[in-house]
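Notes for the structure review
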Amino acid sequence: MCFRPNASKKCSTVDVLVVGAGPAGLMGAYALAKAGVCVRIIEKRATRVAVGHADGIQPRTMEVLKSYGLLDRVMKEGNELRTAAFYNPNPNKPREIQVSKAVLFTILIIHQVTLHQGAIEQIFLDGMQDMDLQVDRSTIPISIEVNEDSVADPDAHPVKAVKNVDSSETEVVHAKYVVGADGAHSWIRRNLQIPVDESSTPYVWGVVDLVPETDFPDFRNWAGIRSDSGSCLIIPRERDMIRIYVQLEGQNAIDATKEAADGSKVKMGPEWILDVARKTLYPFTVVPKSFEWSSIYTIAQGVASRYSVHDRVFIAGDACHTHSPKAGQGMNASINDTYNLAWKLVWVLRGWSNRTLLKTYEFERRQYALDLISFDKKLAKLISEKTHNESNVDGAMRTAYMSMIQKSTEFSSGIGVHYLPSDIVNIKNQGLASGIVIGKRMPPGTVVRLLDFCPVHIHDLLPSDTRFKIFVFAGNASSSAQLMRLQQLAAKIDTLRSLLGLDIVPGNSSQSGLEVLTILSTKLELALFKEIPSMLRSHWSKVFVDYMDTNIPGTDRIQVYKKYGVGIDGTLVVVRPDGYVGAIATIDDFEHIKHYFSSFLETPK
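I will try to describe carefully the structure that is included in this document.

Counting secondary structure elements, the protein contains 14 helices and 27 strands. Taking all 605 residues of the protein together, the buried fraction comes to 57%. A fraction of 71% describes how many contacts in the protein between residues 6 or more apart in sequence connect residues 24 or more apart. Element-wise, carbon and sulfur atoms account for 51% of the exposed surface of the protein, whose accessible area totals about 24800 Å².

Structure follows, in C-alpha cells:
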C-alpha cells in the first residue's frame, strides 16, 4: 500500500523516495510507478528545465523510450541526425576552413535525435501525471538516516529522510529505498560521504543555442570544425535552432573564467560566445535571428567511489559521474542508470529476488561510467587540441579525430554497452549464438508472426514490463523428433514457475515475471500453431517464424537464425527486463536456465 503524507503527523511511508526530478530521477520514478511501486519524487527547483542543458538522445536511449511507448513524441518534437561533416583548415587559404569528409551515421535501427532536456522531462512528467504521480517541487531534503539494524529486513523502511517544503514546514519520509538523482552537486552523495574521484581539464568552452541565418553548408548536420583559431561543434536542434560549442582559448578563456570585483563570475553572453565561434567558422558567416540559451563551462570528469549505501540508498545520473557534453552522453547515461536500477528494485520489492540483485546496479553502471570517462577524456583532448603544426599541415590529430568519432559510434550510441559477468550475466554457452553477445542488449531483427503473417521487430517483443523474456529458438517443429524435445522443454519451463514462484502468463501482470516467446525455423506453410506445446504458445501472438520474403513489407534481408548464429537444433536466450541478454542454453539444457534464475531469485518459503 502507498501511504500519502499525514497532515497532522507530517510524515509518510513509501517504497521508494526519489530525490531530484532531472532525467535520471524522472526516468526512475516513471519506471517504478509504471510497475505499480509506491514512489514519491521531490525536487528543489520550482519548475522543470525550460531551455538549454542536455540535448542529444542516443539510439539506445531511444530504444528505452520506445519500450515504454514514449518514442513517438520524441520523434515528433525532436530533430533527427543522420550525417556528420568534418571541417579542417584550408592549407591554401590561411584562417579559412574547408570540408574534409562527410559520413553517414550507421547506427543500426534508429538515428540520433536532438531535443532539449526540458522537453524530455515533460514527456516523463505527462506520463507520470497519467499515473497520478507528480513531483513535489520547491522541496529539499535536510537530513537522511539509514537504520543499519533493519537494512536486511525486506519489509522494513530503514531510510528516514526529512524534507523541507518552501522553507516553511518539514515532513518525515520513511522509505524502503531512496534514489539520489540530485545532480553533480548531489546533497544525497555529500551527506552519505561518498567521495568522487574528479579531475579538471584546462579546456574552457562556450555553448549557445540560436536560430541562425548562415551560409555554412552543413548547419543541419552534426559538424566538427577545427581551424587555426580553435575548435567548434555545430549540432542541429528542434525548431530551426542549432547549438554551437566553441572552445575558448587565450584571452577568451581568461575573460570567461575571471571573477568580477565582487567575487562573482563574469557572465559572457550569447553574442560574445558567437563572436568567438565566428573566427573558427570563417569564411562562413552566422547571423542570429534569436538566441535561446548560452553557458560557459570547464570540463570536469569524475566517478563516485560507490553508488549505494547498504543497498538502501542509491545515487544515479550526474550524482555518480560527470564528464564533458561533447560525447552527448549526460542525459543518456542518467536515464540508463535509473532504467537499470528500477526493474531490480521492482523485483526485490515484489519479493521475487533477494537483495543481492541490487548489488549489480553499481557493478554494471559504475564500470560503464569508468569506460565513459576514459572515452570522454580522449575525445575532449582530441577536440580541444590544435589541428596541425607547421610540419604537418593535414595533421595526424585531424585523422585521429575523425577516426575516433567514427569508430566510437557503437559506444557513444549506447548500443555497445557490455555488462560483465555477474549473477544476472552468465557467459557460459556464448558459442551457441555467435550473433548475440551475453551482457549486451538483444540485437535487432525481424520475424513473422505465425498466425497473421505480420512482420514483428524483435525489440517490439521487449517492452519494459519488468518481465524476463525467454526466447525459444525452437528449430523445425514439423520434425517429430524436434517436437518431442520441445514437449520436454515445455514441461521443464513449467517447473520453473513452481520452483521460483513465478507465473508465466501473457499480458502485463504484476504476477507475471517471465514470458516465453517461440521462434520457429519451420517453413511457414508447414508450421502448425496447435502442435506447439501450450507452454511455448501462451498466446496466439507469441509464436513466430524465421521467414524472409521480399513480398512481405518490413521483413529483413537476413533471417534471425543466421543473423544471431543460432543452430536449428534449438537454443534458449534469456533477456533481462532491461533488454540485455543474461544467459544462453540449448533446449536440452534447461538446468542451466534454472541455475541462472536461482542464483538471484528468492525461493518461496
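From this point, the narrative continues.
Taken as a whole, this structure holds 30 salt bridges when the rule is applied. Glu515 is paired through a salt bridge with Lys542; the nearest N and O atoms lie 2.9 Å apart. Note that Glu515 is positioned in strand β24 (residues 512–520) and Lys542 in the loop between β24 and β25 (543–545), a separation of 27 residues in sequence. For the pair Glu515 and Lys542, a shared accessibility class is recorded, and that class is buried. The network of salt bridges with common partners includes Asp465, Arg467, Lys469, Glu515 and Lys542.

Looking now at the sheet that holds strand β7 (residues 112–114). The three strands lie next to each other as β3-β7-β4, forming an open sheet whose pairing is antiparallel. Each edge of the open sheet is held by one strand with a lone partner, namely β3 (56–57) and β4 (79–81). Here β3 pairs with β7 via two bridges, running antiparallel. Following the sheet pairing, Ile57 is matched in β7 by Val113.

Another point: the packing of aromatic side chains. Scanning the model with the defined rule gives 23 aromatic pairs in all. Their ring planes at 85 degrees and their centres at 6.2 Å tell us that Tyr87 and Phe284 sit as a pair that is edge-to-face. Taken together, the residues span a long stretch of sequence, with Tyr87 in strand β5 (residues 83–89) and Phe284 in the loop between α7 (270–281) and β16 (286–304) at a distance of 197 residues. An identical accessibility class is assigned to Tyr87 and Phe284; each is buried. Seen from their ring centres, Tyr307 and Tyr361 are 5.8 Å apart, and the 50 degrees between their planes marks the pair as tilted.

About the thresholds
- Residues numbered from 1 in each chain as written.
- Predicted model: local features only at pLDDT ≥ 70, side-chain atom pairs only at ≥ 80, totals over all residues.
- Heavy atoms only, no water.
- Helix = DSSP H or I, 4+ residues; strand = E, 2+ residues; numbered from the N terminus.
- Buried < 20%, exposed > 50% of the residue type's maximum accessible area, 1.4 Å probe, protein only.
- Contact = heavy atoms within 4.5 Å.
- Areas by Shrake-Rupley, 256 points an atom, 1.4 Å probe, with all protein chains shown as cover.
- Salt bridge = Lys/Arg side-chain N within 4 Å of Asp/Glu carboxyl O.
- Pairing = 2+ DSSP bridges.
- Phe/Tyr/Trp six-rings, centres within 6.5 Å; stacked < 30°, edge-to-face > 60°.

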